[in-house]
Structure formats: structure tokens, C-alpha cells
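Notes for the structure review
Each chain, written out:
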Amino acid sequence: MVSMMKFLNQILCLSLVLSISMTTLSSAQTCSNYKFSSNNVFDSCNDLPFLDSFLHYTYESSTGSLHIAYRHTKLTSGKWVAWAVNPTSTGMVGAQAIVAYPQSDGTVRVYTSPIRSYQTSLQEGDLSFNVSGLSATYENNEIVVLASLKLSQDLGNGGTINTVWQDGSMSGNSLLPHPTSGNNVRSLSTLNLVSGVSAAAGGAGGSSKLRKRNIHGILNGVSWGIMMPIGAIIARYLRVAKSADPAWFYIHVFCQASAYIIGVAGWATGLKLGGDSPGIQYSTHRAIGIALFSLATVQVFAMFLRPKPEHKHRLYWNIYHHTIGYTIIILGVVNVFKGLGILSPKKQWKNAYIGIIVALAIVATLLEAFTWYVVIKRRKLEAKTAQHGASNGARSQYA
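Now for a quick tour of the structure. Keep in mind it's a predicted model, so treat the numbers as computed, not measured.

Judged by nonpolar contacts, the single largest core of 31 residues is most densely connected at Trp224, Met228, Ile230, Ile233, Ile328 and Tyr353. When contributions to this core are tallied by element, the ones reaching two or more residues are helix 2 (208-238), helix 3 (247-276), helix 4 (283-302), helix 5 (314-343) and helix 6 (347-397). Per-element tally for this core: the top contributor is helix 2, with twelve residues. Setting aside anything within four residues of it in sequence, one finds Met228 in contact with Ser223, Gln256, Ala259, Tyr260, Ile328 and Ile329. In terms of nonpolar packing, the next biggest core, distinct from the first, is built from 29 residues, Leu55, Tyr59, Phe129 and Ile143 among them.

A few words on helix 4. The terminal C-alpha atoms of helix 4, which comprises 20 residues, lie 28 Å apart, in line with the 28 Å expected from a rise of 1.5 Å per residue. Of the residues making up helix 4, those classed as buried are His285, Ile288, Gly289, Leu292, Ala296, Thr297, Gln299 and Ala302.

Now for the sheet that holds strand 8 (residues 142-150). The sheet built from five strands is open, its strands ordered 1-2-3-8-7 with antiparallel pairing. Each of the sheet's edge strands pairs with one partner strand only, and the pair in question is strand 1 (44-47) and strand 7 (130-139). Across the sheet, the mean angle separating the axes of adjacent strands is 15° when strand polarity is ignored. Pairing analysis gives four bridges linking strand 1 to strand 2 (residues 53-60), with the strands arranged antiparallel.

The rules behind each value
- Residues numbered from 1 in each chain as written.
- Predicted model: local features only at pLDDT ≥ 70, side-chain atom pairs only at ≥ 80, totals over all residues.
- Heavy atoms only, no water.
- Core = buried A, V, L, I, M, F, W, Y, C linked by side-chain atoms within 4.5 Å.
- Buried < 20%, exposed > 50% of the residue type's maximum accessible area, 1.4 Å probe, protein only.
- Helix = DSSP H or I, 4+ residues; strand = E, 2+ residues; numbered from the N terminus.
- Contact = heavy atoms within 4.5 Å.
- Expected span 1.5 Å × (residues − 1).
- Pairing = 2+ DSSP bridges.
- Axes fitted to C-alpha atoms, helices over the stretch in contact; angles between N-to-C directions.

Structural data, given as C-alpha cells:
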């Protein structure tokens, strides 16, 4: 039992270490050595960190003119792309976008579209600033958009603008909504047109929304997805050892209470993220999260109504407690995988969590077999002892 506890502690520590941070891949290509077929030349360029995209630009501070070439590579057929400047915030709403997509006749349609809400269908419309020289080409699975923007000569913020870029699928000539997970919700940054420095929107350390999403994922992954199963393993298998009574109970309560507190914090960050992004909905993930919080809260308060072991209603309370507990564990693990699908981190993080769950399942299986062995052996010994005692009693009666 001691070695089992050490193993569980190692699993928990490993999960915490693996969940400390989420990292993302930078684009494998670079923009600095790219040559345009139209012989266009730009003063600066940036390798955008997501969606295989690049921005080339020349900024004339005296006139406020920004000449850009937006490149989106590795496109498959039936895709649209967009690049935008947001004069009012770092998000999608308020962005002044340039949209392009290949048509069936081989040409590329390119137009401007102001985004006023999350439910936008990217309809054509005038932007809040003038756009000229708008054109686009599609060749070798790459769309190149060229445009000149007439921005305010006094940008404020030291010449920094907020940029957003996207891609999505099409149905015929209709633009479908872009994915609301993975790199499609990370593709925003700030760009200083004077220094050329680009950073993820919200600071050099990454966007505040992305940090909140990662924190949300870490808190819920560790609590519902790891600590809850470990707490259940402790309760089911440590109690078999008589020497572990009542220590197993307090360890179990501590583990599950800690998981609940951390899980509630993760649940609260999820509500905040949902409130900050009303147009982005993950209905199944959200519904499971609400169910987890509700069931776990009921479970916590039910502890105060726990009958004593000898009480006639204790059996029914145990059935309720175990049913709700295992339901929470199953829903927790399922929702962690749902969250991993939304965050789309490096594959190694999902593999690490799968490894932890598989390790816990193997431990539980081995301990289940050992527990039944101990219980059966103990019952046989008790039966033998009782039979021996009865035989001694009968002999003494006739002595």
C-alpha cells in the first residue's frame, strides 16, 4: 500500500509538471527570403505565428499609408482567408477585414468586410478607412492579397495596430464560419509599424484570453481529470488495509476536496471566458462542465448528511455516494478530452494525459484484483476461525 501511494504521488506530480504550460509551434517558413512574382518589394515582414500566414508591409508615417501583402499558405481547395486591422480592440468584433477566396473559374474574389458581431457572414462593405489597390492571386495552394490602407497619420500607441487573420471552409460560394478552437482563436496580434515588432495581442507573453484558456484547461485537467480519479482509487483500495483505517478516509477527503476547490476555480474561468466571447459556444463542453459542478457540489454537501456505519440508511447513502462519484469521474475525463480538442495543444500534451489515465487504469485494475484476493482470503480465514471456535465450543459442552 505504501508503494502504491508513492506511485500515485508520482503520477500526480507528473501531471502537474506536464500541465504547467501549453506551447505552440511557430511557422516553419520565413518571410524574409520570399520574392513576389509581381516584383513587389516591402520594407518589413512578419512570420505570423499561426495558420501558416505571413505579412509583408511598408508604412509611410508621414501620410498614414500602409501597403501590405498578406500571404496565406498551405491552403486546400474550398477555403477562404481574411486579414484585418481592428482600430478599437484586439478581438474579432470591430475588425476591418479584407476577405479573399478562389472561385471555380480560377479567379480570386477579394473584397472588404467590416465585422460588427461574432455572427458575421463576412458580407461585403466599406471599411472605416480607405482601401485602394486591392487584388489577390491564388497559386500553389497560396493566396496573396495586396492592398493599400489609408490609416490615421496619428495612430497613437506608438504606431501600433491590432491585427487579426483567419481562414475557413466554403460551401459553393458561401463562406462558412471559421473553426472556434485551436489556432483559429489564437490568430491575433499587435504590430508596431515603426519598429516592426509584432506580439501576440495582450502582451509579449501571449494574449490574455489564450492565457485564461490555458489556465482553465490546466485547472480542470488536474482537478476533474486526475485528482478525482486518484481520490477514488485511494478510497476503494487503501481501506482494505486495516492499518490504513481511518487514515485512508482523511486522505480521500483531502484529495477530493482539493480537486473540488481547484475544479470550481477552473469552472469559474470557463464562465468568464464564455462571457467574454458570447459568439463562441462549446455547448457540449459547457453542459458537461455545469453538470460536473452541480454533481460535485451536491456530493460535497451530502458529506454532512453521511449516516454512521451502523445506521440502517447507510447502505442507500453509499449507493448514492458511489454512483455520483463515479459519474463525476467519467464526466471529468470526457470533458478533459473535449477541452483538449478545443485548445488543440501540441500532440504531446494529449498523449501525456492519455498516458496518465492509462497508468491509473492499470493501477486500479491490479489493485482491484489484489483487493478481491485479500477480501476472499480474509473471509476464508474468518470462516475457518469461526468454525474452529464452534467446534471448540461443542467439545467443551460435552466435556
